[in-house]
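# Tertiary structure, described
The lines below spell out each chain.
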Amino acid sequence: AQTVTQSQPEMSVQEAETVTLSCTYDTSENNYYLFWYKQPPSRQMILVIRQEAYKQQNATENRFSVNFQKAAKSFSLKISDSQLGDTAMYFCAFMIPPGGGADGLTFGKGTHLIIQP
Amino acid sequence: NAGVMQNPRHLVRRRGQEARLRCSPMKGHSHVYWYRQLPEEGLKFMVYLQKENIIDESGMPKERFSAEFPKEGPSILRIQQVVRGDSAAYFCASSPWTGTNEKLFFGSGTQLSVL
């Protein structure tokens with residue numbers, strides 16, 4: 001079974017600062033996907049960024065980037081130039097492609113990120 | 001193109017009643033996932049359905065819970081004889097194909113409160 005661990009229940013930074021959210025996972029699979037989702041108070045789950053395990057290059061989406069360390073099973077999210085609208089719960093998630101013996105995403109417990117003005 | 005629609009947004013039930021949660025996937029999507037989120041927790045997978053088929057229900061409790069995705073109409077998650085422990089946010093996500101299914105689009109969830 002796959003597990004996803006987010007060791008930071010809550011983080012708080014000043015606006016415009018850079019913040020890194022940590023995520024580790026455990027799996028015996030070689031091919032999989034990793035995700036970061038944002039859940040603001042509206043409760044909507046919003047995909048922030050996605051990484052395929054077979055790609056060595058770290059994914060980047062505007063101010064959001066990841067540091068994917070496959071050997072260490074680590075998948076951290078870096079938010080640059082943080083904005084007040086980044087305040088939300090952030091969930092790290094893992095998925096095995098169909099045929100790998102499991103369906104659906106496995107989520108961590110989340111990190112509550114607070115951006116202070 | 002409307003997103004994944006879930007209704008109701010909030011549902012209050014007394015212990016022993018039935019709860020029906022609805023999910024209309026995005027247009028053209030034929031795959032639906034249901035997840036449950038308990039307070040202070042991440043989402044937990046419950047069930048994966050295609051039209052008229054349950055593909056994987058390994059995350060769903062064996063008693064009182066059922067799900068369907070008929071040929072026409074929304075997917076329904078049904079909870080019979082609800083108990084206080086069923087209080088949670090229930091999310092639906094849809095996907096357009098089976099190739100990888102890594103592109104999931106989530107609804108805004110239904111918050112179920114059991115009194």
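This text gives an overview of the structure that appears in the document.

This brings us to the pairing of strand β11 (residues 110-114) of chain B. Every other side chain in a regular strand lies on the same face of the sheet, so the side chains alternate between the two faces. All names here are of chain B. With burial as the criterion, only one face of β11 is covered, namely that bearing T110, L112 and V114; the residues Q111 and S113 on the opposite face remain uncovered. Bridge analysis of strand β2 (residues 10-13) against β11 gives 4 bridges, and the strand direction is parallel. Bridge pairing links H10 to Q111 in β11. Where strand β9 (residues 88-95) and β11 come together, 3 bridges link them in antiparallel fashion. Bridge pairing links A88 to L112 in β11.

This part is about the sheet that holds strand β1 (residues 5-7) of chain B. Residue and element names in this part refer to chain B. Taken in spatial order, the 4 strands make up an open sheet running β1-β3-β8-β7, and their pairing is antiparallel. If you trace the sheet from one side to the other, it starts and ends with β1 and β7 (65-68), each paired once. Pairwise comparison of adjacent strand axes, ignoring direction, gives a mean angle of 15° for this sheet. Examined bridge by bridge, strand β3 (residues 19-24) and strand β8 (residues 75-79) share 5 bridges and lie antiparallel to one another. For R22, the partnering residue across the bridge sits in β8 and is I76.

This part takes up the side chain of Q37 of chain B. Along the chain, Q37 of chain B turns up in strand β4 (residues 31-37). One polar contact links Q37 of chain B to Q39 of chain A, side chain to side chain, over a distance of 3.1 Å. Within the structure, Q37 of chain B has its side chain in polar contact with the backbone oxygen of E41 of chain B (distance 3.1 Å). Not counting residues up to four positions away in its chain, the partners in contact with Q37 of chain B are Q39 and F91 of chain A together with G42, L43, A88, A89 and F91 of chain B.

In total, this model carries 17 aromatic pairs over all chains according to the counting rule given. Seen in terms of ring centroids, Y25 of chain A and Y32 of chain A are 5.4 Å apart; in terms of plane orientation they differ by 65°. Their pairing is edge-to-face. A relative accessible area of 5% places Y25 of chain A in the buried class. Aromatic ring contacts, followed pair by pair, group Y33, F35, Y37, F91 and F107 of chain A together with Y33, Y35, F45, Y48 and F106 of chain B into a single cluster.

Turning our attention to the interface of chain A and chain B. Chain A puts 18 residues into the contact, and the matching count from chain B is 28 residues. Taken over both partners, the interface formed by chain A and chain B buries close to 1800 Å², and the fraction arising from carbon and sulfur atoms is 51%. Linking chain A with chain B are 1 salt bridge. Inspection of the chain A/chain B interface yields 8 residue pairs in polar contact (both at pLDDT 80 or more). The set of elements that each furnish at least two residues to the side of chain A that touches chain B consists of β5 (33-39) and β10 (88-95) of chain A. The dominant element in the side of chain A that touches chain B, judged by the number of residues it contributes, is β5 of chain A, at 4 residues.

Residue and element names in this part refer to chain B. Position of R14 relative to the elements: it lies in the loop between β2 and β3. Look at R14 and you get exposed, because its relative accessible area is 55%. Each C-alpha atom, one on R14 and one on L115, is 4.8 Å from the other, the two residues being 101 residues apart in sequence. Aside from chain neighbours lying at most four places away, what touches R14 is V82, V114 and L115.

All right, on to the nonpolar core then. Ranked by size, the top nonpolar core spans 27 residues in total, and within it L21, Y25, W36, F75, L77, Y90 and L113 of chain A carry the most contacts. At the level of elements, β2 (10-14), β3 (19-21), β5, β6 (46-52), β8 (64-69), β9 (74-79), β10 and β12 (111-116) of chain A are the ones that each hand at least two residues to this core. Among the elements that take part in this core, β10 of chain A stands out by supplying 4 residues, more than any other. Setting aside its immediate chain neighbours within four residues, Y25 of chain A contacts T3, V4, Y32, L34, F68, Q69, K70, K73, S74, F75 and F94 of chain A. Among the nonpolar cores identified, the runner-up in size contains 23 residues, and A19, C23, L49 and V82 of chain B belong to it.

Cut-offs and rules
- Residues numbered from 1 in each chain as written.
- Chains lettered and ligands numbered in written order.
- Predicted model: local features only at pLDDT ≥ 70, side-chain atom pairs only at ≥ 80, totals over all residues.
- Heavy atoms only, no water.
- Buried < 20%, exposed > 50% of the residue type's maximum accessible area, 1.4 Å probe, protein only.
- Helix = DSSP H or I, 4+ residues; strand = E, 2+ residues; numbered from the N terminus.
- Pairing = 2+ DSSP bridges.
- Axes fitted to C-alpha atoms, helices over the stretch in contact; angles between N-to-C directions.
- Polar contact = N/O pair within 3.5 Å; in protein donor to acceptor, adjacent residues only side chain to side chain.
- Contact = heavy atoms within 4.5 Å.
- Phe/Tyr/Trp six-rings, centres within 6.5 Å; stacked < 30°, edge-to-face > 60°.
- Buried area = accessible area lost by both parts, 1.4 Å probe.
- Salt bridge = Lys/Arg side-chain N within 4 Å of Asp/Glu carboxyl O.
- Core = buried A, V, L, I, M, F, W, Y, C linked by side-chain atoms within 4.5 Å.

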